[in-house]
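One-letter residues, chain by chain:
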Amino acid sequence: MTFEQYLQTSLSALKRNRSRTGLTILGIVIGIAAIILIMSLGKGAQKLILSQVQGLGTKSVVVVPGRQLEGPPSTVGLESLKKRDLEELSKPYNVPHAAHVIPLIFGNDITEYESENFRAQIYGSSDQMPVIFDADPVEGMFFSQDDVVGSANVVVIGSKVNTELFPNGGGLGSRIKIKDKSFKVVGILPSKGASSLINFDDGVIIPYTAAQNYLFGTKHFDRILVDVDTEANIDITIEDVKQTLRMTHDIDDPTKDDFSIVNQKDLADRVGVITTALTYFLAAVAAISLLVGGIGIMNIMLVSVTERTREIGLRKAVGATTKNILLQFLFESVVLTLLGGIIGIILGTTASFVASVVIGRLASFEWTFIFPIGGAVLGIVVSTIIGLIFGVYPARQAARKSPIEALRYE
Amino acid sequence: MHTPNLIEVNHITKTYTEGETSTKVLKGISFTVKKGEFVAIMGPSGSGKSTLLHILGLLDEQTSGDYIFAGHNSKGFSEEALSKLRNQRIGFIFQSFNLLPKTTVLENVKLPLLYSDVPRSEWDKKATAAIELVGLSHRINQESGDLSGGEKQRVAIARALVNEPDIIFADEPTGNLDSRSGKIIMDFIQDLNENKGHTILLITHETATAEHAERIIRIYDGEIASDEKVKRRRTASDEYLK
Ligand SMILES: Nc1ncnc2c1ncn2[C@@H]1O[C@H](COP(=O)(O)OP(=O)(O)O)[C@@H](O)[C@H]1O
Ligand SMILES: [Mg+2]
């Protein structure tokens, strides 16, 4: 008998008992669907978390003032990053692979326009900030290098700040007040959602010089971002940044560093590992239902073998060999589980698509639907294997039946 | 011309052992069947007829003695070879028809072809021809469950014939049929023997059925009680003479 004939024989046997076939594969359908759903949601969650962590791309190295890398920031050296560091880090012979070096200052305060006011995140940075953060204004323009050099009173406002202060529009060109200082709105950002470092929608961005001089009265930075030309040069650049800062800070002993470096790629990798582990753990839990489904299939196949004792006897009487019968029943259980697997994949994919739409509606963030190709392939492979494993025993029982016993069976 | 023995049975015994008790069902049976013969085996219920037929049909093994099928001792065949012989040289007709349920007449008749060397392209042609032979062409796509008892047995005959076997074993083929359908089946079997040259070994416990054969072997309690030619065979035309 050929492969195709076995397939046909098993399909017609399964068709003869449609409702039982349906009920038998239910366990497999649910198991595979659950795995697909979990893997798809897991991938979606991972993508979401990564996009939040990555807000500034995996090519960025973040210099943080203070000693520790982990744990709460040390109070020692919180003001260690100064204008001189920025200048040294920007020199190509110090950090040759730095594409951009950008300072950041954080704060928050009330912003006012006429009778409207809003507590906004205040960011002081340079004119190159939109290059790293992909934050080009929808209206107006980002402030210029001249604005930075000249401590100009200009501001780029986030979408939420814009709607809060200018409910009737007309924000661009207006003057808003922060800490009683007047700033001219030169740009309005599109709605972007939050990332780990910057909350653009609730924020206003001004030249760091203006922030230092007029608002915070300080001379240090809260972060210096170094954007590396390619991902491959991240490790070299981290070393270059360390050497440069130790030189400017007169540090010989690396354990006495008054700064630390957060590598976005490492962070992203760590999050990736955790969410992947969690996804696989949940998928393993779902796999238990596959095991139960497999046992169910074995059970039904055993019943079916007993019921079809006469059929087996007849097939042997007209020329079927033991091998023919074994393969016929093995095909039946594999076709059963594979059918369950395919239906499960379709169901699981539909469910995860619906879930992605619902999550996207309910939550404010963007949730992308991801078709879990890996999950689908896994589903096909796993259901085939389950069919084989749990089909072998019933198939052997069938093949072992002697034709006379089978024909005498009433 | 010398006609070869298709079947040669020498002192065959069969003992069933279940735990401590063993039952001797066949107690030394010997006879031969020539190619083209029509032999009936008669005997009361439980006398061992089916047991004998299963051995002759290569479905079961004797406990002792030799069974020579078409010149070969059955002990020399592998499982694979036995399957092949059953498929190509033997046709079975059972009392309870043994058709596959919810399966069409055509598919039922094709079943032995599935396990044969016959190329797939010829399956439909061969099965259709066998179905036409038993006069069921108009029922070819019916499911087996929709047929009458007589029709079911004709499907079983078509199935037995589809691989053009050397011999047909029929175990009480009319046992589950009313007398009218039974007669049609017997006339049909007789026709296969007389006009199509098939060798037939028929089991029955009714004298009237057995008399369609040319020779009757009577079995009593696992032994042959008599083996003689039928003096006046029944034929289909007998019915019309009445
Ligand atoms: N597998 C078996 N185990 C034990 N005894 C059996 C078995 N098969 C048949 N028998 C016994 O063998 C005897 C002959 O049975 P069988 O050949 O079917 O007789 P018949 O066909 O002439 O009615 C019966 O008494 C039956 O109970
Ligand atoms: Mg019997």
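Residues numbered from 1 in each chain as written. Chains lettered and ligands numbered in written order. Predicted model: local features only at pLDDT ≥ 70, side-chain atom pairs only at ≥ 80, totals over all residues. Heavy atoms only, no water.

Trainee: Describe in detail the overall build of chain B, supporting the description with residues and values.
Mentor: Of the regular secondary structure elements, chain B holds eight helices and 10 strands. The globule rule puts the C-alpha radius of gyration for 242 residues at 18 Å, and the 18 Å found for chain B is close to it. In terms of principal-axis extent, the alpha carbons of chain B reach across some 50 × 50 × 45 Å. When the accessible area of chain B is evaluated, it comes to approximately 11200 Å², of which 48% is carbon and sulfur surface. Put simply, chain B has 30 plus and 34 minus side-chain charges, and the middle of one group is 3 Å from the middle of the other. (Helix = DSSP H or I, 4+ residues; strand = E, 2+ residues; numbered from the N terminus. Rg over C-alpha atoms; globule rule 2.2 N^0.38 Å. Areas by Shrake-Rupley, 256 points an atom, 1.4 Å probe, with all protein chains shown as cover. Lys, Arg positive; Asp, Glu negative; His and termini not counted. Charge placed at Lys NZ, Arg CZ, Asp CG, Glu CD.)

Trainee: Before we move on, could you go through the overall build of chain A and cite the residues and values that matter?
Mentor: Within chain A one finds 13 helices and 10 strands. Taking 2.2 N^0.38 as the reference for a compact globule, 410 residues should give roughly 22 Å; the C-alpha atoms of chain A span a radius of gyration of 33 Å, well beyond that estimate. For chain A, the spread of C-alpha atoms along the principal axes amounts to about 105 × 55 × 35 Å. Counting all 410 residues of chain A, 49% fall into the buried class. By sequence separation, contacts in chain A at least 24 residues apart represent 78% of the contacts at least 6 residues apart. As displayed, chain A offers around 19400 Å² of accessible surface, 60% of which is attributable to carbon and sulfur atoms. In chain A, 37 positive and 40 negative side-chain charges are present, and the distance between their average locations comes to 15 Å. (Buried < 20%, exposed > 50% of the residue type's maximum accessible area, 1.4 Å probe, protein only. Contact = heavy atoms within 4.5 Å.)

Trainee: Pulling in residues and values, what's your account of the site of ligand 1?
Mentor: The local shell around ligand 1 consists of Arg408(A), Tyr16(B), Glu18(B), Val25(B), Pro44(B), Ser45(B), Gly46(B), Ser47(B), Gly48(B), Lys49(B), Ser50(B) and Thr51(B). Residues within reach of ligand 1 are spread across chains A and B. Here Glu18(B) contributes a side-chain N or O atom positioned 3.2 Å from a nitrogen atom of ligand 1. One nitrogen or oxygen atom from the main chain of Gly48(B) is found 3.1 Å from an oxygen atom belonging to ligand 1. Contact with the protein chains covers 66% of the free accessible surface of ligand 1, which is 570 Å². Of all elements in the fold, only strand E1 (5-18) and helix H1 (49-56) of chain B reach the threshold of two or more residues within the shell around ligand 1. Along the lines of polarity and charge, the residues of the shell around ligand 1 split into three nonpolar, six polar and three charged. (Near = heavy atom within 4 Å. Polar contact = N/O pair within 3.5 Å; in protein donor to acceptor, adjacent residues only side chain to side chain. Nonpolar A, V, L, I, M, F, W, Y, C, P; charged D, E, K, R; others polar.)

Trainee: Before we move on, could you go through the sheet that holds strand E6 (residues 90-93) of chain B and cite the residues and values that matter?
Mentor: All names here are of chain B. Strand order in the open sheet formed by six strands is E6-E7-E8-E3-E9-E10, with mixed pairing between adjacent strands. What marks the edges here is a single partner per strand, and that holds for E6 and strand E10 (223-229). The mean angle between the axes of side-by-side strands here comes to 15°, regardless of whether they run parallel or antiparallel. Relative to strand E7 (residues 167-171), E6 runs parallel, the two being bridged by four bridges. By the bridge assignment, Ile 93 is partnered in E7 with Ala 170. (Pairing = 2+ DSSP bridges. Axes fitted to C-alpha atoms, helices over the stretch in contact; angles between N-to-C directions.)

Trainee: Explain helix H4 (residues 123-133) of chain B to me, and be specific about the residues and the numbers.
Mentor: If you check which residues of H4(B) are buried, you get Trp123(B), Ala127(B), Ala130(B) and Ile131(B). One side of H4(B) carries all its buried residues, which in axial view fall inside an arc of 100°. Seen from the buried face of H4(B), the exposed residues on the opposite side, beyond 90 degrees, are Lys125(B) and Glu132(B). Residues of H4(B) that are buried in the fold lie against helix H1 (3-15) of chain A together with helix H3 (105-114) and helix H5 (149-161) of chain B. Note on H4(B): the residue one or two positions beyond its end, Gly135(B), has a positive phi of about 75°. (Arc of directions from axis to C-beta.)

Trainee: So, helix H3 (residues 83-90) of chain A: which residues are in play, and what are the values?
Mentor: Within H3(A) the residues assigned to the buried category are Asp85(A), Leu86(A), Glu88(A) and Leu89(A). Looking at the buried side of H3(A), the elements it contacts are strand E2 (98-113), helix H7 (208-216), strand E9 (223-228) and helix H8 (234-249) of chain A.

Trainee: With reference to specific residues and values, describe the sheet that holds strand E2 (residues 21-34) of chain B.
Mentor: In any sheet, the strands associate via hydrogen bonds between backbone groups, in a parallel or an antiparallel arrangement. Residue and element names in this part refer to chain B. Sheet architecture is open: four strands sit in the order E2-E1-E4-E5, paired in antiparallel fashion. The open sheet terminates on both sides in strands that have one partner only, identified here as E2 and strand E5 (72-73). Each of E1, E2 and strand E4 (64-69) touches H1; the most contacted strand, E2, lies at about 60° to it.

Trainee: Could you give an account of the domain arrangement of chain A, naming the residues involved and the relevant values?
Mentor: Taken domain by domain, chain A consists of domain 1 (3-52 + 272-408) and domain 2 (81-257). Here domain 1 of chain A and domain 2 of chain A have C-alpha centroids that lie 55 Å from each other. (Domains from an automatic or database assignment.)

Trainee: Describe the pairing of strand E7 (residues 181-188) of chain A, listing the residues and the values that go with them.
Mentor: Residues and elements named next belong to chain A. With two bridges connecting them, strand E4 (residues 139-140) and E7 associate as antiparallel partners. Looking at E7, one finds that Glu 139 is bridged to Ile 188. Both strand E6 (residues 175-178) and E7 contribute to a ladder of four bridges, which runs antiparallel. The residue of E7 that forms the bridge with Arg 175 is Lys 184. Remark: two residues form the turn of the hairpin made by E6 and E7, two consecutive strands paired antiparallel; Lys 179 in that turn has positive phi of roughly 50°.

Trainee: Provide a residue-level description of unusual backbone geometry, including the pertinent values.
Mentor: Even without a glycine there, the phi angle at Asp180(A) is positive, about 65°. One non-glycine residue with positive phi stands out, namely His11(B), at about 50°. You can see His11(B) is positioned in strand E1.

Trainee: Which residues make up the interface of chain B and chain A, and what values go with them?
Mentor: Taken together, the contact pairs 26 residues of chain B with 23 residues of chain A. Summing both sides of the interface, chain B and chain A together bury roughly 2200 Å²; the carbon and sulfur share of this comes to 56%. Here chain B is connected to chain A by one salt bridge. Among the salt bridges present, the one from Glu4(A) reaches Arg120(B), with a minimum N-O distance of 3.6 Å. Counting across the interface, chain B meets chain A through nine residue pairs in polar contact (both at pLDDT 80 or more). (Buried area = accessible area lost by both parts, 1.4 Å probe. Salt bridge = Lys/Arg side-chain N within 4 Å of Asp/Glu carboxyl O.)

Trainee: Give a detailed account of the side chain of Asp166(B), specifying residues and quantitative values.
Mentor: Residues and elements named next belong to chain B. When you line up the elements, Asp 166 lands in the loop between H5 and E7. For Asp 166, a relative accessible area of 18% corresponds to the buried category. Side-chain polar atoms of Asp 166 contact the side chain of Arg 89, separated by 2.4 Å. Not counting residues within four places of it along the chain, the set of residues in contact with Asp 166 comprises Leu 6, Lys 35, Arg 89 and Thr 199.

Trainee: Lay out the environment of Arg180(B) in plain terms, naming residues and giving numbers.
Mentor: Here Arg180(B) shows up in helix H6 (residues 179-196). In sequence terms Arg180(B) and Gly150(B) are 30 residues apart; their C-alpha atoms lie 8.9 Å from each other.

Trainee: Tell me about the packing of H3(A) against H8(A), residues and numbers included.
Mentor: Residue and element names in this part refer to chain A. The geometry of H3 relative to H8 is characterised by a closest axis approach of 10 Å and an angle of 135° between their N-to-C directions. With respect to H8, the element H3 is oriented oblique. The two elements H3 and H8 meet at a crossing, and its hand is right-handed. Contacts from Arg 84, Asp 85, Glu 88 and Leu 89 in H3 reach Val 241, Thr 244, Leu 245, Met 247, Thr 248 and His 249 in H8. A class-by-class count of the residues in the contact of H3 with H8 yields four nonpolar, three polar and three charged. (Parallel < 35°, antiparallel > 145°, perpendicular 65-115°, else oblique. Left-handed = near helix turned anticlockwise from the far one by under 90°.)

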